[in-house]
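Report on the structure
One letter stands for each residue in the lines below.
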Amino acid sequence: LNHPNIAKYYESFIDQESLCIVMQFIEGFNLSELIKLQKEKERGPFIEKTIWKILINLCAVLKYLHIDKNIVHRDLNPSNIMIDGNFNVKLTDFGLAKKLS
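Along each chain, numbering runs from 1 in the same order as the chain's sequence is written. At least 70 in pLDDT is required for a residue's local features to be given in this predicted model, at least 80 for side-chain atom pairs to be given and counted, and no such filter applies to totals for whole chains, interfaces and linings, which use all residues. In computing side-chain properties, one takes all heavy atoms of the structure into account and sets aside hydrogens as well as water.

Take the buried residues of types Ala, Val, Leu, Ile, Met, Phe, Trp, Tyr and Cys, join any two whose side-chain atoms come within 4.5 Å, and each joined set is a nonpolar core. Note on classification: 1.4 Å probe, protein chains only; a residue is buried when its accessible area is under 20% of the maximum for its type, exposed when over 50%, partly exposed between these limits. Core analysis: the largest hydrophobic core is formed by 13 residues, its most contacted members being Ile54, Leu65, Ile81, Ile83 and Val89. Where helices and strands are cited, they refer to DSSP runs of H or I of at least four residues and of E of at least two residues respectively, numbered from the N terminus. Contributions of two or more residues to this core are made by helix 1 (31-40), helix 2 (48-68), strand 5 (81-84) and strand 6 (89-91). Looking at this core, the element that brings in the most residues is helix 2, giving five residues. Working rule for contacts: check all heavy atoms of both residues, and any pair within 4.5 Å makes them a contact. The residues contacting Ile81, other than those within four sequence positions of it, are Phe29, Asn30, Leu31, Leu58, Leu76, Val89, Lys90 and Leu91.

We define a salt bridge as a side-chain nitrogen of Lys or Arg found within 4 Å of a carboxyl oxygen belonging to Asp or Glu. Summed over the entire model, instances satisfying the criterion amount to one salt bridge. The salt bridge involving Asp68 is made with Lys63; its shortest N-O contact spans 3.1 Å. The exposure class assigned to Lys63 is partly exposed, which follows from its relative accessible area of 44%.

Moving on to helix 2. Here the expected length of a helix is defined as 1.5 Å per residue gap, with one fewer gap than residues. With 21 residues, helix 2 should reach 30 Å at 1.5 Å per residue; the first-to-last C-alpha distance of 29 Å fits that figure. Packing partners of the buried residues in helix 2 comprise helix 1, strand 4 (71-72), strand 5 and strand 6.

Our focus in this paragraph is the environment of Cys20. Along the chain, Cys20 turns up in strand 2 (residues 18-23). Judged by its relative accessible area of 23%, Cys20 is partly exposed. If we skip the residues at most four places from it in the chain, Cys20 touches Glu11, Ser12, Phe13 and Asp15.

Below, the discussion takes up the sheet that holds strand 5. Overall, antiparallel pairing links the three strands, which are arranged 3-5-6 in an open sheet. Every interior strand has two partners, whereas the edge strands, strand 3 (28-30) and strand 6, have only one. The average angle at which neighbouring strand axes cross in this sheet is 25 degrees, direction not considered. Lines are fitted to the C-alpha atoms to define the axes, a helix being fitted only along its stretch in contact, and any angle between axes, read from their N-to-C directions, falls within 0 to 180 degrees. Relative to strand 3, helix 1 is tilted by about 105 degrees, and along the sheet it contacts strand 3 and strand 5. Where helix 2 meets the sheet, it contacts strand 5 and strand 6, and its direction lies at approximately 35 degrees from that of strand 6. We treat two strands as partners when DSSP finds at least two bridges between them.

Topologically, Asn80 is positioned in the loop between strand 4 and strand 5. The class for Asn80 is buried, based on a relative accessible area of 6%. By the criterion applied in these results, polar contacts are pairs of N or O atoms within 3.5 Å in which, for protein atoms, one can donate a hydrogen and the other can accept it, and in which residues neighboring in sequence qualify only through two side-chain atoms. A polar contact is formed between the side chain of Asn80 and the backbone oxygen of Asp75, at a distance of 2.7 Å. Those residues in contact with Asn80 that sit more than four places away from it in its chain are His73, Asp75, Lys90, Leu91, Thr92 and Asp93.

As far as function goes, none of this settles anything; it's purely spatial.
Below, the structure is given as structure tokens:
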């Protein structure tokens, strides 16, 4: 998969009976952690511009997966949505994804 909002996959291998997956390093937080940090620092709600940016990124990547590639992620949740320092989305964890025929 090649999309700016999908974490890049490099390779996978078995090491001592464990599956290891090498992926792009994303400096930031998953959406769940980001929401928790926002609450803990009592910064109040996210500004609307930030919410729109995250939502538009998510819609773009889901359109790419569903329409262009016929793939359903099947595990879309805040812990699988990484957010970098510029509030760009990177979707991760395609372990339950399924190609539609």
